Amino acid sequence: MLIQNIQLFTNGGQLAPFDENTIGFPIKRIFYICNVPKNKIRGEHAHKTTKQLFICLQGSILMRLFDGEQEEQYILKPHQSVYIAPLIWDSQIYFKNSIALVLCSTLYDRKDYIEDIEEFKEIVNAKQNK
């Protein structure tokens, strides 16, 4: 979980490159989130295998990331991103007019989602005790 700036300045404006070399995984799916009511909480789930790069394109977004033991919070501003590994519970609070772009390592698969926090904690605990 690391916030990084993702833009390069050129004579022609700003450039934000995304490929397997710059983000660390092949991109299989891309989606964006917009028009979220101010202070609305979204996310509130984890993935079993999917890796994500969560990018703030506009506005600001409070990211809450929980690994089963501790929570980290980041406020993403435009051109900042955070990597979300598998088995990280994430939620976001969107502030006014925020837009997020998410790059994923897998195609959409409903079975990859963990939407119950207690189930998530059990899975993480079982993995740690191996």
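Residues numbered from 1 in each chain as written. Predicted model: local features only at pLDDT ≥ 70, side-chain atom pairs only at ≥ 80, totals over all residues. Heavy atoms only, no water.

(A) Spotlight on the packing of aromatic side chains. Tallying each qualifying case throughout the model produces four aromatic pairs. Between Phe-25 and Tyr-83, the ring centres sit 6.4 Å apart and the planes meet at 40 degrees, which makes this aromatic pair tilted. Of this pair, Phe-25 sits in the loop between helix H1 (20-23) and strand E4 (29-33) while Tyr-83 is found in strand E9 (residues 80-84), placing the two residues 58 residues apart along the sequence. Taking the relative accessible area as the measure of exposure, Tyr-83 reaches 26% and is therefore partly exposed. (Phe/Tyr/Trp six-rings, centres within 6.5 Å; stacked < 30°, edge-to-face > 60°. Helix = DSSP H or I, 4+ residues; strand = E, 2+ residues; numbered from the N terminus. Buried < 20%, exposed > 50% of the residue type's maximum accessible area, 1.4 Å probe, protein only.)

(B) Seen up close, the confidence of the model for the chain. In this model, the chain carries an average pLDDT of 89, and 92% of its residues clear a pLDDT of 70 or more. Averaged pLDDT values over the elements of the chain bottom out at 55 in strand E1 (residues 3-5) and peak at 98 in strand E12 (residues 113-114). (pLDDT = per-residue confidence, 0-100.)

(C) Geometry of the environment of Thr-106. Inspection of the secondary structure assignment puts Thr-106 in the loop between strand E11 (99-104) and E12. On a C-alpha basis, the gap between Thr-106 and Glu-72 in space is 24 Å, while along the polypeptide they are 34 residues apart. Beyond its immediate chain neighbours, meaning those up to four positions away, Thr-106 contacts Lys-28, Arg-29, Thr-49, Thr-50 and Asp-112. At 2.5 Å, the side chain of Thr-106 and the side chain of Thr-50 are in polar contact. (Contact = heavy atoms within 4.5 Å. Polar contact = N/O pair within 3.5 Å; in protein donor to acceptor, adjacent residues only side chain to side chain.)

(D) The pattern of salt bridges, seen in detail. Evaluated as defined, the whole model comprises two salt bridges. Here Arg-110 makes a salt bridge to Glu-115, at a shortest N to O gap of 2.6 Å. By relative accessible area, Arg-110 is classed as partly exposed at 43%. The salt bridge partner of Glu-118 is Lys-121, with a shortest N-O separation of 3.7 Å. Of this pair, Glu-118 and Lys-121 both sit in helix H2 (residues 117-128), separated by three residues, roughly a single helical turn. Classification of Glu-118 as partly exposed rests on a relative accessible area of 45%. (Salt bridge = Lys/Arg side-chain N within 4 Å of Asp/Glu carboxyl O.)

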